Every structure is written in C-alpha cells, then in structure tokens.
Amino acid sequence: MIAKTPPAPYYAVIFTSIRTDGDNGYEAMAEEMDKQAKQQEGFLGVESARNELGITVSYWKSLEAIKNWKANTDHLVAQKQGRDAWYAHYKVRICKVERDYEF
C-alpha cells in the first residue's frame, strides 16, 4: 500500500536491511513496532517491501518526531534485538521530502 502523505515538505526514514535466517520473534515485534509507530506524534505513514533485501520507508512530520520515535523505550528494545538477532546488515537514511507527485 502506498502511504497517503501530506503536501511536502516532510521527512522520510529509509530503513534498508538484510535479515538473518529464522524468525526469532521478528514478525511479532515488527507488528508491535508498526502499531506503536502509528500512535507516535508526527507519524505520517509507512511503506514496506521484503525479498532478500527489505526496504521500509516511514514518513514523519519533523526531525523531532523521528528523534522521539528512535528514543521510544520499546523501539530501543527492538533496535537491540535487530542488531543482535534479526539483521545481518542494515542502513538508515533520513531525508527531507521537498516534493512529491503521484499517478
């Protein structure tokens, strides 16, 4: 599903990852993080796709909202689990969306 975002400008967090083998509790945590992110002040939407490479883009009203989500207690636990068990490699990119359009 394509996220319905407001008119630009807003921010995007691009999380690109390569998973380790096995679930190891990943799916349950991913569902919980999705639920909590949607309740976070400044959250605008999310898009995600996974094959061998996973890409999740979350959209935010401000850099402050992104900072607050990164510091969320449950999200900190998920980040640690990600480093310890779920991801062989990941990269996070934060960017400002200056313009968007759609068809």
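Up top is the structure.
Note that the structure is predicted; figures quoted are calculated from it, not measured.

## Here's the deal with the overall build of the protein chain
Argument step 1. Scanning the protein chain from N- to C-terminus turns up 3 helices and 4 strands.
Argument step 2. Taking 103 residues into account, the globule formula puts the C-alpha radius of gyration at 13 Å, and the protein chain, at 14 Å, falls close to it.
Argument step 3. Residues classed as buried in the protein chain amount to 31% of the 103 residues present.
Argument step 4. The contacts in the protein chain between residues at least 6 apart in sequence include a share of 75% that link residues at least 24 apart.
Argument step 5. Just so you have it, the protein chain exposes about 7,400 Å², and 54% of that area is on carbon and sulfur atoms.
Argument step 6. Counting 14 positive and 15 negative side-chain charges, the protein chain places the centres of these two groups 6 Å from one another.

## Concerning the layout of surface pockets
Argument step 1. A volume near 1,000 Å³ is recorded for the largest pocket.
Argument step 2. F15, M33, T56, H75 and Y87 are, among the 36 residues lining the largest pocket, the residues nearest its centre.
Argument step 3. At the level of secondary structure, the elements contributing two or more residues to the lining of the largest pocket comprise β1 (10-19), α1 (26-39), β2 (43-50), β3 (54-60), α2 (63-70), α3 (73-86) and β4 (87-97).
Argument step 4. Looking at which element gives the most residues to the lining of the largest pocket, the answer is α1, with 8 residues.
Argument step 5. Residue composition of the lining of the largest pocket, grouped by class: 21 nonpolar, 8 polar and 7 charged.
Argument step 6. A volume near 340 Å³ is recorded for the second largest pocket.
Argument step 7. In terms of lining residues, the second largest pocket is bounded by 14 residues, among which I2, A3, T5, Y101 and E102 are the most central.

Analysis parameters
- Residues numbered from 1 in each chain as written.
- Predicted model: local features only at pLDDT ≥ 70, side-chain atom pairs only at ≥ 80, totals over all residues.
- Heavy atoms only, no water.
- Helix = DSSP H or I, 4+ residues; strand = E, 2+ residues; numbered from the N terminus.
- Rg over C-alpha atoms; globule rule 2.2 N^0.38 Å.
- Buried < 20%, exposed > 50% of the residue type's maximum accessible area, 1.4 Å probe, protein only.
- Contact = heavy atoms within 4.5 Å.
- Areas by Shrake-Rupley, 256 points an atom, 1.4 Å probe, with all protein chains shown as cover.
- Lys, Arg positive; Asp, Glu negative; His and termini not counted.
- Charge placed at Lys NZ, Arg CZ, Asp CG, Glu CD.
- 1 Å grid on protein atoms, 1.4 Å probe; cavity = no way out; pocket = protein on both sides within 12 Å on 5 of 7 lines; lining within 4 Å.
- Points joined across faces, edges and corners; volume = space filled by probe spheres on them.
- Nonpolar A, V, L, I, M, F, W, Y, C, P; charged D, E, K, R; others polar.

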